[in-house]
Amino acid sequence: MTFRSVYDNQHDILAAIVALHCPEGFDADITYGNGQFWKGPVPKPPHCFDLEPLEDGVMMASSVSLPVTDECWGSVVFDPPFLTYVKAGRQHKDGKVKMTQRFGGYWTYQELAEHYQGTLQECRRVLRKKGVLVVKCQDIIHNHRMHATHVNVVNWAEQYGFRLKDLFVLPAKHRMPSPQKGTQRHARIHHSYFLVTEKQ
């Protein structure tokens, strides 16, 4: 069977990642949310964490400070928020915007960067050598500037001792409401990435 880099749903991407890089499945999901990743064929990891658990069996913890021992896992999934200009932060309490109710977000891109980098540093601690970290991310426009988050994540990951092993692209099935007002200045971002990295 040949695996592709582009699929139209995240369940096929996760299945491809398992087949190619995590044959025993994932050990942990450190930003579990409502568990959408695990409603397909890939089994839910035995260890699941979130800032505000929405389901039984999910432990309350931040991805930058996990209550586990060093080098205890072989694979981790990190699916953080990607939206900025969210006043209520990652707490899902911005009642005006449907997307932030579901996913949360950050006020500035710097806050996003600090969360991502802090999590990479923590994953360096909890993963064994050659352990796999999968990061789902999306590029964004913030303050009229393009931020290629997938490029930034690869560079940040290298700083913390990871190397990029693989990359998958997920085109969006539905267009999100545009935050832009007035004249369009940038191409509309209509896809996200699954970056597969390995601890060195």
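Everything numeric in this text was worked out from a predicted model, so none of it was measured. (Residues numbered from 1 in each chain as written. Predicted model: local features only at pLDDT ≥ 70, side-chain atom pairs only at ≥ 80, totals over all residues. Heavy atoms only, no water.)

Describe the overall build of the chain, with residues and values.
Within the chain one finds 4 helices and 9 strands. Ordering the α and β elements of the chain from the N terminus gives α-β-β-β-β-α-α-β-β-β-α-β-β. The 200 residues of the chain split such that 46% are buried. The contacts of the chain with a sequence gap of at least 6 include a subset with a gap of at least 24, amounting to 66%. Carbon together with sulfur atoms contributes 51% to the accessible area of the chain, which is approximately 10700 Å² in total. (Helix = DSSP H or I, 4+ residues; strand = E, 2+ residues; numbered from the N terminus. Buried < 20%, exposed > 50% of the residue type's maximum accessible area, 1.4 Å probe, protein only. Contact = heavy atoms within 4.5 Å. Areas by Shrake-Rupley, 256 points an atom, 1.4 Å probe, with all protein chains shown as cover.)

Summarise the confidence of the model for the chain; cite the residues concerned and give the values.
In this model, the chain carries a mean pLDDT of 87, and residues with pLDDT of at least 70 account for 84%. Counting contacts from residues 97-103, a segment whose pLDDT is below 50, to residues more than four positions away or on other chains yields 17 contacts. (pLDDT = per-residue confidence, 0-100.)

Would you mind going over the nonpolar core in detail, with residue names and values included?
Among the nonpolar cores identified, the biggest contains 29 residues, and Ile30, Trp73, Val76, Tyr116 and Leu133 are the most heavily contacted of them. Secondary structure elements with two or more residues in this core: β4 (73-78), α3 (109-126), β5 (127-137), α4 (149-159), β8 (162-171) and β9 (191-199). The leading source of residues in this core is α3, at 7 residues. The next biggest cluster of nonpolar side chains, apart from the first, holds 21 residues, and it includes Val18, Tyr32, Phe194 and Val196. (Core = buried A, V, L, I, M, F, W, Y, C linked by side-chain atoms within 4.5 Å.)

Please provide a residue-by-residue account of α3, values included.
Over its 18 residues, α3 extends 26 Å from the first C-alpha to the last, a length consistent with the 26 Å expected when each residue adds 1.5 Å. Among the residues of α3, those classed as buried are Tyr109, Leu112, Ala113, His115, Tyr116, Gln117, Gly118, Thr119, Leu120, Glu122, Cys123 and Val126. Contact partners of the buried residues in α3: β4, β5, β6 (140-142), β7 (145-147), α4 and β8. (Expected span 1.5 Å × (residues − 1).)

Please give an account of the packing of α3 against α4 that cites residues and values.
Between α3 and α4, the least distance of the axes is 10 Å, while the angle of their chain directions is 40°. By the angle between their axes, α3 is oblique relative to α4. As α3 runs across α4, the sense of the crossing is right-handed. From α3, Tyr109, Leu112, Ala113, Tyr116, Gln117 and Leu120 reach across to α4, where they touch Thr149, Asn152, Val153, Trp156, Ala157 and Gln159. (Axes fitted to C-alpha atoms, helices over the stretch in contact; angles between N-to-C directions. Parallel < 35°, antiparallel > 145°, perpendicular 65-115°, else oblique. Left-handed = near helix turned anticlockwise from the far one by under 90°.)

Explain unusual backbone geometry to me, using residue names and the numbers behind them.
Positive phi, close to 50°, is recorded for Glu71, a residue that is not glycine. Phi is positive for Lys130, which is not a glycine, with a value near 70°. Residue Lys130 is classed as partly exposed on the basis of its relative accessible area, which comes to 48%.

Explain the sheet that holds strand β3 (residues 59-60) to me, and be specific about the residues and the numbers.
Pairing within the open sheet is mixed, and its 7 strands lie in the order β3-β2-β1-β4-β5-β9-β8. Among the strands making up the open sheet, the edge pair consists of β3 and β8. In the packing of helix α1 (residues 10-21) onto the sheet, the strands contacted are β5, β8 and β9, and the crossing angle to β8 comes to about 150°. Packed on one face of the sheet, α3 meets β4, β5, β8 and β9 and runs near 155° to β5. (Pairing = 2+ DSSP bridges.)

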